[in-house]
Amino acid sequence: MVNVQAALISIQAISIAVNTPSLIFHIRSKNVPAIVLIVCIEIMLIKYLVDTIIWGGSNYETAWDGKVWCDIMVRLQIGAPFGCLCSLFAMLLNLYIILRADKLTLKWFNHKKIKLVIELLLCLFFPILIMGIS
């Protein structure tokens, strides 16, 4: 059981480390949908890593009961998949607007603030709404 726990911890830590350079790249390029997608994936990976560290061994019954951690993570675990879907929708919207190649494309990429506001609304409004309702 300890070998499985160590393998899971190492795989999850490697996954978090591998995602970090792409997150830094997208932050520098100000690509909001990709940032939200990677952050949602990182949140789920960190949750799985901490859960494996705390409750992955044979003494999970006597381990920490996770009163505050579980309350926060339940909400984030509900919102993260919706965040992934919404950010994928925002990426596909950008690709659709690029493929149209008309006046809308020029308007979309010339108005940086409006594009940023729409992308933030698309990527963050529904996941936060779902977390709030639940």
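**Q** Tell me about the pattern of salt bridges, residues and numbers included.
**A** Inspection of every chain in the model, using the stated rule, returns 3 salt bridges. Taking the shortest distance from any N to any O, the salt bridge between Lys-47 and Asp-51 comes out at 2.3 Å. Taken as a pair, Lys-47 and Asp-51 lie in helix α2 (residues 32–55) at a separation of 4 residues, close to a single helical turn. Here the two residues Lys-47 and Asp-51 agree in accessibility, since each one is buried.

**Q** Describe the environment of Phe-125, and please don't skip the residues or the numbers.
**A** Position of Phe-125 relative to the elements: it lies in helix α5 (residues 112–133). Note: C-alpha distance between Phe-125 and Val-36 (89 residues apart in sequence) is 12 Å.

**Q** So what's going on with the packing of helix α3 (residues 67–100) against α5? Residues and values would help.
**A** Viewed as axis vectors pointing N to C, α3 and α5 meet at an angle of 155°, and their least axial separation amounts to 8 Å. In terms of axis orientation, α3 runs roughly antiparallel to α5. Crossing angle aside, the handedness with which α3 passes α5 is right-handed. Of α5, the residues touching α3 (which contributes Arg-75, Leu-76, Ile-78, Gly-79, Phe-82, Gly-83, Cys-86, Ser-87, Phe-89, Ala-90, Leu-93 and Asn-94) are Lys-115, Glu-119, Leu-122, Cys-123, Phe-126, Pro-127, Ile-130 and Met-131.

**Q** Talk me through α3; I want residue IDs and the actual numbers.
**A** Along an α-helix, residues three or four positions apart point the same way, because every turn accommodates 3.6 residues. Counted at 1.5 Å a residue, the expected span for α3 with its 34 residues is 50 Å, and the 50 Å between its end C-alpha atoms agrees. The sharpest bend along α3 reaches about 25° and sits at Gly-79, with the proline Pro-81 one to four residues further on. Within α3 the residues assigned to the buried category are Trp-69, Met-73, Gly-79, Ala-80, Gly-83, Cys-84, Cys-86, Ser-87, Ala-90, Asn-94 and Ile-97. Where α3 is buried, its residues touch α2, α4 (103–110) and α5. Count one or two residues on from α3 and you reach Ala-101, which has phi positive near 50°.

Analysis parameters
Residues numbered from 1 in each chain as written. Predicted model: local features only at pLDDT ≥ 70, side-chain atom pairs only at ≥ 80, totals over all residues. Heavy atoms only, no water. Salt bridge = Lys/Arg side-chain N within 4 Å of Asp/Glu carboxyl O. Helix = DSSP H or I, 4+ residues; strand = E, 2+ residues; numbered from the N terminus. Buried < 20%, exposed > 50% of the residue type's maximum accessible area, 1.4 Å probe, protein only. Axes fitted to C-alpha atoms, helices over the stretch in contact; angles between N-to-C directions. Parallel < 35°, antiparallel > 145°, perpendicular 65-115°, else oblique. Left-handed = near helix turned anticlockwise from the far one by under 90°. Contact = heavy atoms within 4.5 Å. Expected span 1.5 Å × (residues − 1). Bend = angle between axes of the 7 residues up to and from the residue.

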